[in-house]
Amino acid sequence: MSSITSAATASRRFRLARNACFLLVFLASPTPAAGQSETIAFTGASVIDPGTAGVLSNATVVVRDGVIVSVEEGGEAPAAARAIDLGGRFLVPGLIDAHVHIGTLEAARRALQSGVTTARSMGAGFFADVGLRELFRHGELEGPEILAAGYHVRPRPAEGLFLDEPGLGDLLGRDVRGPEAMGRVARAMLDRGVDFVKVNATERAGLPETDPRKPFFTEDELSALVAEAAEGGVPVAAHAHGDRGGRAAVAAGVRSIEHGTYLRDETLRLMRERGTYLVPTIAVVSDLTVPGGDYDDPVLQVRGRHMLPRVRETAAAAHALGVPIVAATDTGYGSESVLRMSHELIEFTGIGISEIEAIRAATTVAAELLGIADRTGRVAPGFEADLLVLDRNPLDDIGQYQDVLFVMSDGTIALDRLDFRADAIGGRRVPDAD
Ligand SMILES: [Zn+2]
């Protein structure tokens, strides 16, 4: 076993080293995608940078080669720049959706056009999320930056995992149990280049025959998974609704708990101590309660009505205790999906989280969870030009995120409806916008 382990470790180290080399080359000679080489200057912008407090009025923000180069009060567009006058509209960082199940180009585009410039995949079949990440990373196709997790680790993994990784075939007929099997599954994920390992610490909520309170793994099993993932420099995110499974995952050292519906205060206190993030995905529970959307099942509608007040209470208690909270949709951005990040932000303000904290939960705090806070989530020089334009001040009305007017991702314009309101009524702005 040790020789197999060391061979696997060596091959992983080689892969990581190779990726690191590639990254250095990529950084040293940036080849910007179409649109990125142009200098763009937003003028007349009301800037909200979640890294600071308040609004910077009448600001000029200059973007070049996919990066924000300056943010100045007043200021002027450089002569060679293409100026975009925002006329006082609000320039905010692109949203980070910390829990998605995007598996197609079309879904990725839908997310991007709703203002999501970065998405953490929390499970996708056939490592589609790794593929999407690579396609978008090189700027050949338009999509949000993706952090990938591959398959859920659970006692009965999806069949596709064994088609992708036939070396795990002996686990197909029996449950994935015990530290050794957990380590092997983690290594398979690392070898496919994931950014996070996603484990189901409890059963799912979104199937009529499951009980989301039921724990799946022991703390020892979860610890083995966390340790193996850490060998490859990759953190673990744990899906957990019930307290027992959630607590075992926190004790095992996962970086985030996804959902956390039934977590007790004592588990929340442990999360604060350990610095574990909570991604409560409240809006997706509200989607359970109504027909249509991602879930459409009478049993789940009843269950959702039981879960919704609890997940709201847990998220509010976690926030009050100082647990870092992160916004996410838990949607696949499918053609039937009604969930967007704006729903979760509205849920957050509904449980007493302030507007600026809600925005941070979808930008700076989310970026910390994802390990990318040094490069995205802010409107500040040196950060990626991941930017949105909103018509009015989201600090007064978080619902502004339901009507994103403009999306830029890494300096490339992905959506531009800035002229929409003026054009729609022959040059005059609609009364609502005055
Ligand atoms: Zn999910």
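Residues numbered from 1 in each chain as written. Predicted model: local features only at pLDDT ≥ 70, side-chain atom pairs only at ≥ 80, totals over all residues.

Caption draft 1: Representation of the overall build of the protein within the structure. A count of helical and extended segments in the protein gives 14 helices and 16 strands. Evaluated residue by residue, the protein yields a buried proportion of 50% over its 434 residues. Within the protein, contacts between residues at least 6 apart in sequence are counted, and of these 62% link residues at least 24 apart. (Helix = DSSP H or I, 4+ residues; strand = E, 2+ residues; numbered from the N terminus. Buried ≥ 20, exposed ≤ 12 C-beta atoms within 10 Å, placed from the backbone. Contact = placed C-beta atoms within 7 Å.)

Caption draft 2: Fine view of the environment of Thr314. If you trace the backbone, Thr314 turns up in helix α10 (residues 298-321). For Thr314, a count of 29 C-beta atoms within 10 Å corresponds to the buried category. In contact with Thr314, other than residues within four places in its own chain, are Gly260, Thr261, Leu263 and Pro280.

Caption draft 3: Molecular detail of the pairing of strand β1 (residues 40-47). The element β1 is extensively covered by neighbouring structure, given that 6 of its 8 residues are classed as buried. Note that β1 and strand β4 (residues 82-85) share 4 bridges and pair parallel. Counted as the bridge partner of Ile40 is Arg82 from β4. Sheet topology note: the β1/strand β2 (residues 56-64) ladder contains 5 bridges and is antiparallel. When the bridges of β2 are listed, Ile40 appears paired with Val63. (Pairing = 2+ DSSP bridges.)

Caption draft 4: Structural view of the packing of helix α5 (residues 178-191) against helix α6 (residues 219-231). Taken N-terminus to C-terminus, the directions of α5 and α6 make an angle of 30°; their axes are 8 Å apart at the nearest point. The angle between the axes of α5 and α6 places the two elements in the roughly parallel class. Crossing handedness for the pair α5 and α6: right-handed. Together, Gly178, Pro179, Met182, Gly183, Ala186, Arg187 and Leu190 of α5 and Asp220, Glu221, Ala224, Leu225, Glu228 and Ala229 of α6 make up the contact between the two elements. When the residues that make up the contact of α5 with α6 are grouped by side-chain class, the tally is 7 nonpolar, 2 polar and 4 charged. (Axes fitted to C-alpha atoms, helices over the stretch in contact; angles between N-to-C directions. Parallel < 35°, antiparallel > 145°, perpendicular 65-115°, else oblique. Left-handed = near helix turned anticlockwise from the far one by under 90°. Nonpolar A, V, L, I, M, F, W, Y, C, P; charged D, E, K, R; others polar.)

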